[in-house]
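One letter stands for each residue in the lines below.
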Amino acid sequence: MAAARMGLRTAIFTLNLDLIAQMSCNPAIGGIAKGHLVREVDALGGVMGEVADATGIQFRLLNTSRGPAVWSPRAQCDKALYRVKMREVLEGQKNLFIKQAEVVDLVIEQQQGQRVVQGLKLRDGRTIHAAATIVTTGTFLNGLIHCGEQKYTAGRSGEPASVLLGESLKRLGLRECRLKTGTPPRLDGRTIDWSQFQEQPGDEDPTPFSFRTKQIPLRQIMCHIAHTTPETLRLIRENVHRSPMYTGQIEAIGPRYCPSIEDKIVRFPEKTRHQFFLEPEGLNTHEVYINGMSTSLPMEIQAAMVRSIPGLENAEMLRPGYAIEYDAIDPTELDRTLRVKSFAGLYLAGQINGTSGYEEAACQGLMAGINAALAVRGETAFTLDRTEAYTGILIDDLISKGTNEPYRMFTSRAEFRLHLRIDNADRRLTPYGRRLGLIDDAAWADYEAKQARAVAFERLLSTARVRAEELPSTLLERLDGDAASVTGQTFAQLLKRPEVPIEELAPVLRKRLASEGAVLEQWVAAMDSAADSAAAGSRLPAWVRNEMKTVETEIKYSGYLDQQRRSMEKMRKAEKRAIPGWFDYAAVSGLSREMKETLQRVRPHTLGQASRISGVTPAAVSLIHVYIEIQGRARVA
């Protein structure tokens, strides 16, 4: 989408046109930190957020008991509708051509001493020439599915593996690794006794992913919470020797933070039960996903496990769970644009780079598409650093440290997570998207209007004075009934108190909002409409509340944000200290042999990046800094 929106004739080659955007694991988008990535993709002009909003059937904003830095949206999507909607969006994009064919090899030429990828070869014999190629193979490269003692080649259940392309990529001489992921059984919802499980409703007022979404269109559904029983644990313990993970049948490394149910039992023997979730896969299907019960045990053991749980005694298993191992490329082979360093015109994105999850793949695909298009046009590359986006953190982690397990994004990976919130992703990134040509005129107008509303609202809060008699009695009680202490304060000063939320001040500010004129008239109209609606559960529409919360957060946490901005500036200065391409690590005395080999392989661009490589000490970074000067003088001499 990115390359096509930037004006380049772009083709997608896929094994099956009908399975574009097939959610092979949980049909859910977002989650802790993953929701941040989706917001960033949307802010830059990607489409994942819009499609998730259009097909979401349960929305939940996670971590709301904690601070806004770690709030993250999640949506259970209709699996079939998501795939159909995404294809519809792709087919509607100018310059984008969708093709069904199997890619088996790359077209590589030598040009001025460098290997250049000039396109690809298809299994039907055709050769497709292209100025840039992006490989996004997911779990399909030499994919091997395991279910108990059974194993067979597949890219995912029911689809062939990409074996010929996998073998051709091996011939490139890139460092590879073998990774593993898995999926749980699916059940027939008609055979579940739902009364035995705790209901887990979605949010009454859904938080969308896209900044351009004003309303969630689909009917919302209920998920349910369940737990394993002692019988479940007994079955797993007695049969864990039949799990491919423990027989040695699987040699690949799985995701530490999304373990199989048998892995949980082995790693946490003290736990007497484990929680899981029953999540419908769509509005027009009875298929139910068991979130938290990923397994590769034999099918008969999976069926017994399911039926050991009250409410699932008669449950029919539609599909068994399985594990899949697949080839990936060591991401230290890539530069910051996701181009393979040893080839011109070749980019990699998604699970082939060692990541897990739809969201991690989406942000990589966007960045690879942008940079492939810029390279073709002969323009400067576009990169994001660790102070700007979780996307920048993900790419920096991959290319600097590599990964020995499927990489998952967490908020704890961010040094400045209060700055990298979901609510300000557009302010951080949409101007970049506009400059790149990914944000159209209508979306840009919406963005500018939203920023104008934020400025006007902040000005209002900083100038308007509080009259205690206007405040809700419940709020005054939380302020210990001290009306005198708040009278005469600005609303911004009052908002700095942790016990004062903007939702309670919004009705008080209603008339003042109208006095700001046209810039806030959309807020006023939406608030009035919600107040007039008998069905409205709140006087504050979700999109208005979300915009107000951004301003509130900037005010409430202004001291911490100022501190982070100073720290961010220090990091940026470290990133500006470049390591020249000609620098010879082998000539630096004082570095261990292992460290020299690692630095030579990764070839960090800056001292800041060098400092984040596993095993590189602060003393080593200081040595490199000194030797840059020494080698630089020697080159001049």
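Conventions used here
Residues numbered from 1 in each chain as written. Predicted model: local features only at pLDDT ≥ 70, side-chain atom pairs only at ≥ 80, totals over all residues. Heavy atoms only, no water. Helix = DSSP H or I, 4+ residues; strand = E, 2+ residues; numbered from the N terminus. Rg over C-alpha atoms; globule rule 2.2 N^0.38 Å. Buried < 20%, exposed > 50% of the residue type's maximum accessible area, 1.4 Å probe, protein only. Contact = heavy atoms within 4.5 Å. Areas by Shrake-Rupley, 256 points an atom, 1.4 Å probe, with all protein chains shown as cover. Lys, Arg positive; Asp, Glu negative; His and termini not counted. Charge placed at Lys NZ, Arg CZ, Asp CG, Glu CD. Core = buried A, V, L, I, M, F, W, Y, C linked by side-chain atoms within 4.5 Å. Patch = residues over 30% accessible without salt bridge, like charges linked within 9 Å, V, L, I, M, F, W, Y side chains within 5 Å. Salt bridge = Lys/Arg side-chain N within 4 Å of Asp/Glu carboxyl O. Phe/Tyr/Trp six-rings, centres within 6.5 Å; stacked < 30°, edge-to-face > 60°. Axes fitted to C-alpha atoms, helices over the stretch in contact; angles between N-to-C directions. Parallel < 35°, antiparallel > 145°, perpendicular 65-115°, else oblique. Nonpolar A, V, L, I, M, F, W, Y, C, P; charged D, E, K, R; others polar. Expected span 1.5 Å × (residues − 1). Arc of directions from axis to C-beta. Pairing = 2+ DSSP bridges.

Caption draft 1: Fine view of the overall build of the chain. Along its length, the chain carries 23 helices and 21 strands. Taken over the C-alpha trace, the chain has a radius of gyration of 27 Å; the compact-globule value for 637 residues is 26 Å, and the two agree within 12%. C-alpha extents for the chain along the principal axes are approximately 80 × 75 × 50 Å. Among the 637 residues that make up the chain, the fraction classed as buried is 55%. Nonlocal contacts in the chain, meaning residues at least 24 apart in sequence, comprise 72% of its contacts between residues at least 6 apart. Split by element, the accessible area of the chain, about 27700 Å² in all, is 50% carbon and sulfur. Taking the 82 positively charged and 77 negatively charged side chains of the chain as two groups, their mean positions are separated by 4 Å.

Caption draft 2: Expanded view of the nonpolar core. By size, the foremost hydrophobic cluster in this structure holds 75 residues, and its most contacted members are Ile29, Tyr82 and Ile370. Looking at which element gives the most residues to this core, the answer is helix H10 (residues 358–376), with eight residues. The residues touching Ile29, leaving out its near neighbours within four places in the chain, are Met23, Val38, Met48, Ala52, Pro73, Arg74, Ala75, Cys77, Tyr82, Phe209, Tyr358 and Glu359. Ranked by size, the runner-up nonpolar core spans 34 residues in total, among them Leu479, Ile502, Leu520 and Ala526.

Caption draft 3: Inspection of a positive patch on the surface at higher detail. A surface patch of like charges, here positive, comprises Arg566, Lys570, Lys573 and Lys576. Here Lys573 shows up in helix H20 (residues 558–576).

Caption draft 4: Representation of the pattern of salt bridges within the structure. According to the stated counting rule, one finds 59 salt bridges in the structure shown. Ionic pairing is found between Glu50 and Arg212, a salt bridge with its closest N-O pair at 3.3 Å. Of this pair, Glu50 sits in helix H3 (residues 48–55) while Arg212 sits in the loop between strand E14 (198–200) and strand E15 (223–227), placing them 162 residues apart in sequence. A residue is classified by how much of its surface remains accessible, and Glu50, at 33% relative accessible area, is partly exposed.

Caption draft 5: Quick peek at the packing of aromatic side chains. Overall, the coordinates contain six aromatic pairs when judged by the stated rule. On the basis of an interplanar angle of 80° and a centroid distance of 5.0 Å, the ring pair of Phe457 and Trp523 is categorised as edge-to-face. Within this pair, whereas Phe457 is found in helix H13 (residues 441–463), its partner Trp523 is found in helix H18 (residues 521–532), the two being separated by 66 residues in sequence. For the pair shown, Phe457 and Trp523 are each scored as buried.

Caption draft 6: Highlighting the packing of helix H2 (residues 34–44) against helix H11 (residues 390–401). For the pair H2 and H11, the least separation of the axes is 9 Å and the interaxial angle reads 110°. In terms of orientation, H2 lies roughly perpendicular with respect to H11. In this structure, H2 contributes His36, Leu37 and Glu40 to the contact, and H11 contributes Tyr390, Thr391 and Leu394. Taken together, the residues that form the contact of H2 with H11 break down as three nonpolar, two polar and one charged.

Caption draft 7: The packing of helix H17 (residues 502–515) against helix H19 (residues 542–556), seen in detail. Where H17 contacts H19, the two axes come as close as 11 Å, and the packing angle between them is 100°. In terms of their interaxial angle, H17 and H19 are classed as roughly perpendicular. On H19, the residues touching Ile502, Glu503, Ala506 and Leu513 of H17 are Arg545, Met548, Lys549 and Glu552. Grouping the constituent residues of the contact of H17 with H19 by class yields four nonpolar, no polar and four charged.

Caption draft 8: The arrangement of helix H4 (residues 79–91) in detail. Over its 13 residues, H4 runs 19 Å from end to end, which matches the ideal 18 Å to within 8%, given 1.5 Å per residue. If you check which residues of H4 are buried, you get Lys79, Tyr82, Met86 and Leu90. Viewed along the axis of H4, the buried residues span an arc of 65°, placing them on a single side of the element. For H4, the secondary structure elements touched by its buried residues are strand E1 (10–14), strand E2 (28–30), H3, strand E4 (72–77), strand E5 (96–100) and strand E13 (186–188).

Caption draft 9: View of the sheet that holds E2. The three strands lie next to each other as E2-E4-E3, forming an open sheet whose pairing is antiparallel. The sheet is open, and its two edges are formed by E2 and strand E3 (56–62), each paired on a single side. Along the sheet, successive strands turn relative to each other by an average axial angle of 15°, direction set aside. Note that E2 and E4 share three bridges and pair antiparallel. If you follow Ile29 over to E4, its bridge partner there is Ala75.

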